[in-house]
Amino acid sequence: MKKILLFLVLISSVSVSYAGGYRVSTQGQRALAMGHTGVAVVNNAELAFFNPAGLVYLENKINISAGVTGVISNISWQNTQTGEHIAADNPFSTPFYLYASYRATDWLTLGLSVYTPYGSTVEYPTDWSGSHLVNTIDLQAIYIQPVVSLKLSEYFSVGGGPIFVTGGVKFNRNLNRTLTDEEGNRSNVEIDASGVNGWGWSAGFMFNPTEDFRLGFHYRSEIILEEESGEAVFSNVPNSPLAPVQNGKVAFGAKMPMPAEITVGLSYQFTDKWLFAFDYNRALWSAYSSLDINFAPEEYPDSINPRNYKNASTYRLGLQYQAMDNLTLRAGWYYDETPVQSGYFAPETPRNDSQGYTGGLSYQITPRIAIDAAFTYLHFKEVEESYDHYQENGQEVTFEGLYKSNAFLPGLGVTINL
Amino acid sequence: MKNYFKYTIASVIAVGMFSCEPEFENSVEDQGFYSNGDADFSTYVSVGNSLTAGYADNALYKQGQENSFPNIVAHQLKHVGGGDFTQPLMNDNLGGLLFDGQVIATTRLVLGVDAEGNPTPKNIAGAPSTEITQTLTGTYNNMGVPGAKSFHLLLEGYGNAANLAIGKANPYFVRFRSSENATVIGDAVKQNPSFFSLWIGNNDVLSYATSGGAGTDQTGNLDPSTYGANDITDPNVFASVYSQEVDALMQSATSGVLINIPNVAYTPYFTTVPYAPLDPSNPSFGPMIPQLNETYGMLNNVFAYLNVPERSIVFSETAANPVVIKDEDLTDLSTEITQVLMANGLNQTVATLMGMQYGQARQATPEDLLVLTSRGVIGELNQEHLEALLAMNVPQEIAAQLSVNGITYPLTDQWVLTNTEQAIVNQATAAYNAVIEGLATAKNLAFVDANAMMEQLANGGITYDGGMVTSAFATGGAFSLDGIHLTPRGNAIMANYIIRALNETYNATVPVVNVGNYSGTPALGATE
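Residues numbered from 1 in each chain as written. Chains lettered and ligands numbered in written order. Predicted model: local features only at pLDDT ≥ 70, side-chain atom pairs only at ≥ 80, totals over all residues.

Trainee: Whenever I open this one, the overall build of chain B confuses me. Can you help?
Mentor: Looking only at helices and strands, one finds 17 helices and 15 strands in chain B. C-alpha extents for chain B along the principal axes are approximately 110 × 60 × 45 Å. Within chain B, the fraction of its 528 residues that count as buried is 50%. Counting only contacts in chain B whose residues sit at least 6 apart along the sequence, the fraction spanning at least 24 positions is 73%. (Helix = DSSP H or I, 4+ residues; strand = E, 2+ residues; numbered from the N terminus. Buried ≥ 20, exposed ≤ 12 C-beta atoms within 10 Å, placed from the backbone. Contact = placed C-beta atoms within 7 Å.)

Trainee: Looking at this structure, I do not really get the overall build of chain A. What am I missing?
Mentor: The helix and strand tally for chain A stands at three helices and 21 strands. Against the compact-globule benchmark of 22 Å for 418 residues, chain A has a radius of gyration of 23 Å, which places it among compact chains. Out of the 418 residues belonging to chain A, those deemed buried represent 50%. The contacts of chain A with a sequence gap of at least 6 include a subset with a gap of at least 24, amounting to 68%. (Rg over C-alpha atoms; globule rule 2.2 N^0.38 Å.)

Trainee: I tried to follow the domain arrangement of chain B on my own but got confused; where do I start?
Mentor: Think of interface size as the accessible area that goes away when the parts come together; that is how it is often given. Residue and element names in this part refer to chain B. What the domain assignment reports for chain B is domain 1 (44–271 + 419–517) and domain 2 (286–321 + 324–363 + 369–417). Taking only C-alpha atoms, the centre of domain 1 and the centre of domain 2 are 39 Å apart. With 14 residues of domain 1 at the contact, the number on the domain 2 side is nine residues. If you list the elements that add at least two residues to the side of domain 1 that touches domain 2, you get helix 7 (202–210), helix 9 (268–271) and helix 15 (419–442). (Domains from an automatic or database assignment.)

Trainee: Before we go on, may I ask you to explain the pairing of strand 3 (residues 102–105) of chain B in this structure?
Mentor: Residue and element names in this part refer to chain B. Pairing geometry for strand 2 (residues 97–99) and strand 3, over three bridges, is antiparallel. The partner of F99 across the bridge, within strand 3, is Q102. With antiparallel pairing between neighbouring strands as the criterion, strand 2 and strand 3 make up a hairpin whose turn holds two residues, including D100 at a positive phi of roughly 50°. (Pairing = 2+ DSSP bridges.)

Trainee: Would you take a moment to explain the packing of helix 7 of chain B against helix 15 of chain B for this structure?
Mentor: Helix packing for two helices is described by the angle between their axes and how far apart those axes are. Residues and elements named next belong to chain B. Packing of helix 7 against helix 15 brings their axes to within 10 Å, and their N-to-C directions diverge by 170°. Looking at the two axes, helix 7 sits roughly antiparallel to helix 15. Here D204, V205, Y208 and A209 of helix 7 come into contact with helix 15, specifically with V425, A428, T429 and Y432. A per-class count over the contact of helix 7 with helix 15 returns six nonpolar, one polar and one charged. (Axes fitted to C-alpha atoms, helices over the stretch in contact; angles between N-to-C directions. Parallel < 35°, antiparallel > 145°, perpendicular 65-115°, else oblique. Nonpolar A, V, L, I, M, F, W, Y, C, P; charged D, E, K, R; others polar.)

Trainee: Would you mind going over the sheet that holds strand 6 (residues 142–144) of chain B with me for this structure?
Mentor: Where strands meet in a sheet, backbone hydrogen bonds hold them as pairs that are either parallel or antiparallel. All names here are of chain B. Taken together, the five strands give an open sheet; going across it, the order is 6-1-7-8-13, and neighbouring strands pair in parallel fashion. The open sheet terminates on both sides in strands that have one partner only, identified here as strand 6 and strand 13 (446–448). Within the sheet, the average angular offset between the axes of one strand and its neighbour, ignoring direction, is 15°. Note: strand 7 (residues 195–199) against strand 8 (residues 255–259), four bridges, orientation parallel. Its bridge partner lying in strand 8, F196 is registered against G256. Relative to the sheet, helix 8 (residues 235–249) contacts strand 1 (44–48), strand 7 and strand 8, its axis offset from that of strand 7 by approximately 165°. The strands that helix 17 (residues 488–506) touches are strand 7, strand 8 and strand 13; relative to strand 13, the one it contacts most, it runs at about 150°.

Trainee: I'm lost on the interface of chain B and chain A in this one. Help?
Mentor: Contacts between chain B and chain A engage 41 residues on the former and 39 residues on the latter. Of all the elements in the fold, those that place two or more residues in the side of chain B that touches chain A are helix 1 (2–18), helix 3 (62–66) and strand 4 (109–113) of chain B. The element best represented in the side of chain B that touches chain A is helix 1 of chain B, accounting for eight residues. In the side of chain B that touches chain A, the residues fall into 19 nonpolar, 16 polar and six charged.

Trainee: What exactly am I supposed to notice about unusual backbone geometry here?
Mentor: Glycine aside, a negative phi is what most residues show, and trans is what most peptide bonds show. Residues and elements named next belong to chain A. Residues other than glycine seldom take positive phi values, yet D127 does so here, at roughly 65°. Following the sequence through the fold, D127 ends up in the loop between strand 5 (108–123) and strand 6 (136–151). The partly exposed category is assigned to D127, around which 13 C-beta atoms lie within 10 Å. Even without glycine at this site, N393 takes up a positive phi of about 50°. Along the polypeptide, N393 turns up in the loop between strand 20 (383–392) and strand 21 (395–417). Here N393 falls in the exposed class, since 9 other C-beta atoms lie within 10 Å of it.

Trainee: Got a minute to help me understand the packing of helix 11 (residues 334–343) of chain B against helix 12 (residues 348–358) of chain B in this structure?
Mentor: All names here are of chain B. Where helix 11 contacts helix 12, the two axes come as close as 8 Å, and the packing angle between them is 150°. Relative to helix 12, the element helix 11 is oriented roughly antiparallel. Crossing of helix 11 against helix 12: the hand is right-handed. In this structure, helix 11 uses S334, T335, I337, T338, L341 and M342 to contact helix 12, whose residues at the interface are Q348, A351, T352, M354, G355, M356 and Y358. Here the residues of the contact of helix 11 with helix 12 sort into seven nonpolar, six polar and no charged. (Left-handed = near helix turned anticlockwise from the far one by under 90°.)

Trainee: Could you clarify how one ought to interpret the confidence of the model for chain B in this entry?
Mentor: The predicted coordinates ought not to be read in detail in places where the model reports low pLDDT. All names here are of chain B. On average, residues of chain B score 93 in pLDDT, and 96% of them reach the 70 mark or higher. This stretch, residues 14–19, has a pLDDT under 50; its non-local contacts, to residues over four places away or in other chains, come to ten contacts. For this predicted complex, the interface score ipTM comes out at 0.89, alongside a pTM of 0.92. (pLDDT = per-residue confidence, 0-100.)

Trainee: How should the environment of S374(B) be read in this particular structure?
Mentor: All names here are of chain B. Among the secondary structure elements, S374 is positioned in the loop between strand 11 (369–370) and helix 13 (383–391). With 22 C-beta atoms counted inside 10 Å, the residue S374 sits in the buried group. Between the C-alpha atoms of S374 and A239, which are 135 residues apart in sequence, the distance is 34 Å. Residues in contact with S374, not counting those within four places in the same chain, are V273, L411 and W415.

Trainee: Would you take a moment to explain the pairing of strand 4 of chain B for this structure?
Mentor: Across a regular strand the side chains alternate sides, sitting on one face of the sheet and then on the other. Residue and element names in this part refer to chain B. With four of five residues buried, strand 4 is to be regarded as a mostly interior element. In the sheet, strand 4 pairs with strand 5 (residues 119–123) via five bridges, with the strands oriented antiparallel. Each residue of the ladder has a partner; that of V113, found in strand 5, is P119. What sits between strand 4 and strand 5 in their antiparallel hairpin is a turn of five residues, with G117 showing a positive phi close to 85°.

Trainee: Help me understand the environment of N188(A) in this model?
Mentor: Residues and elements named next belong to chain A. Mapping N188 onto the fold places it in strand 8 (residues 188–207). Separated by 47 residues in sequence, N188 and A141 place their C-alpha atoms 25 Å apart. In contact with N188, other than residues within four places in its own chain, are N172, N174, L175, S235 and N236.

Trainee: Looking at this structure, I do not really get the nonpolar core. What am I missing?
Mentor: One broad rule of soluble globular proteins: the nonpolar side chains tend to lie buried together. Grouped together as the largest cluster of nonpolar side chains are 146 residues, with contacts concentrated most on V47(B), V184(B), L198(B), V205(B), A495(B), I498(B) and L502(B). For this core, the element with the most residues is helix 17 of chain B, which contributes nine residues. When residues of this core are assigned to domains, at least three map to each of domain 1 (44–271 + 419–517) and domain 2 (286–321 + 324–363 + 369–417) of chain B. Residues within four places of V205(B) in sequence aside, it is in contact with I232(B), I261(B), V264(B), V425(B), A428(B) and T429(B). Counting 80 residues, the second-largest nonpolar core is a separate cluster that includes L32(A), V42(A), L317(A) and F380(A). (Core = buried A, V, L, I, M, F, W, Y, C linked by C-beta atoms within 7 Å.)

Trainee: I keep staring at the environment of R23(A) and nothing clicks. Help me out?
Mentor: Relative to the helices and strands, R23(A) is located in the loop between helix 1 (2–14) and helix 2 (29–33). In this structure, R23(A) is in contact with P117(A), Y118(A) and A283(A), ignoring residues within four places of it in sequence.

Trainee: Is there a simple way to think about helix 17 of chain B in this case?
Mentor: All names here are of chain B. Here helix 17 spans 26 Å end to end across 19 residues, near enough to the 27 Å set by a 1.5 Å rise per residue. With 15 of 19 residues buried, helix 17 lies mostly within the body of the structure. With its phi angle positive at about 55°, N507 sits one or two positions after the end of helix 17. (Expected span 1.5 Å × (residues − 1).)

Trainee: Explanation requested: the confidence of the model for chain A in the structure shown.
Mentor: Here chain A shows a mean pLDDT of 92. Residues at 70 or above account for 95%. Confidence over residues 1–19 of chain A falls short of pLDDT 50; this stretch has 27 contacts with residues more than four positions distant or in other chains.

Spelled out as structure tokens, the structure:
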């Protein structure tokens, strides 16, 4: 068994790995503290997200976990040719989760989960050099999922359930690089889609060959959020019959995929106090080929924004140490490769490969209530990148520069076992 | 509650500790990332005319000023120790001027639509609100004064409103001069510039050219106080005042850039209207051709008889036709034409009329440049001439037939820059440019060949990340709707030429701007 483990660790250290996009991995403080591993970890109700199959192995009859993470992300951009530079201090966003499971019988556990795996809030200085691509974006999606977990034996269980998603996006950019109204204010469009719903599902299994060793598999389906009649507001357009659009509201249609994600992983309790976990995610980002915004009026030019994302992987490692009866310490690391391909580096999700360093603890206040804390630092190398597919008068115009991002994610949660 | 409290504390600590922006290994904001080389860019004063002021679309207005090339250069110079750059901003984005409440300059041009819905330049709707007598206080780094000629910069009282009536003052300078007797150069020097740009001399030839050569070439006349508004400045006068201006600025400045004078013929003001704009397929012109040729045939016989067959006027029924122009450099044959026509039996009144009208007439050639504003005139009835003919008791029908601009009534001097007039302009321009480049070399100043830049725009264009910038009117991207002054994109190209010249001359590494971020398309807006 140790040989297998070593082998997997080696793979992870030599492979190039991925993720990124607008996926925000903060679906449980205990898992996050361990590098966001959990497909094969039986720990608390966070399993409802990571692998519903494992819920049935929880010791207590009722398990509840809830938490929230503060995402503090920053982007710096500069162009050494022109001396332009900006810093985007993005608004504090707070992805959250709530999981509950109830063991109905020895072999059946029911659960409910609410979580926010996708989101993005980026706020550049208004009218910055890349404002023809994006000024601000605020993307949110809430997943609500009832789950069933079935124990087929001590060794094997399955689980899953349908997912209902409700989400929305607000996106603001300037119409192009130069159009202004009579007073010199840049012409602008803001699209707002809210209450957009979609359906999907997830399913997984857990296999426990020995008491100390678990394997897990989990698949979450792609969900496409499609808006058919959102509201686009054009502003600062010059008052002229020659202007490409007019000030005011029009309807628009657009769709955005929440890509499917496959996770496989393992956990190994190698002493009474130590647990090791490894997860591999494959996110099927190739679903995101283009962001097309179709404005309702025929004469309005549609906004076609090629994205051409590629499928991307993430490798995650986590360790857990039972320091005292009421104190558990955790640490983890992951390598996240971006789904964004070179030349498609749009500033709305300017994420290159990153490394996440995580840590955290659980403190058992009473036998039933524990506080879970996690802290993550996301490190991005600075990267010279460009978006080459912006169209201006039928010609592709490059927007390039040096990007550097970082993110800090302090999170706090609570676990209740009844 | 406890959780909430802890969470808040943790968040506050986290935000306080980590909201700092990610830092680049080498940030463009770091001191020394870009170098000022051997130059001191701390105080930049730009001196010149409308091109320096940011005049565009036939007006000075705030947006144009913000996109003036000095303002763009000054922004980039901030990377290498440049200070704030102030401009005497207009009161509005409409343009136009008031003098004691009276409109003395109209609003800017935007692209509007005519009655048929076709795009055409029109004045933006609104009333000018910039009153020149409300003199601004303070000093301004941008000392560009629209309309100024080389010698005006040294003219005392050029900002005195009392001198406006006698043409010895400039309304734009009245707005921001430091005192009534101040000179433009004096107000510039007072700011102790460490660095300056000087682009002056354009109007010394341009006003002659844009008026179709209606002024006088003053070469040989060394007293500019006797010059008319549309005259060409004597090159020796130019050389004298220009070097005085450079010397004055260099009392404090150790670095500067001199910009030469582009050939006016590179601007769309002179290249947009073709010499042969008369289309025989045009229903209001084509059917007239046989009768026109019959009438002109009689005149052509006279030209042949007078040994000037090159003046013959013939309209083709298949090809585009040149307009008929009045060339003041031709010998006036009015009397001879009248005499010959009378000898051929034409009555005296008509013969006299024909002589007057065609004494210096000829058809335009590809060498003649029609000015942009002739577009709205060619083929139209000339009311002034019509009324003059009617006053001479010419019958209404004949008077109207003889009053069609460019077809029967030769386009007057102001609409055409003939090749003779161009030669005069070019000669003066070349003389000024020799002075400018010579001084740049002698004083170790940076030099920008704006003439070469404009030539490139006119012949091929200048590439940028969104394609090609050319001098084509309204669509080329370099020139604003007045056909002479630059768009923001044209100003950005100019700024980059200057920055490259500075980098070369002073071993600096000032970053250039992205030309594509500056508008090259005509401004839009509600029109009058």
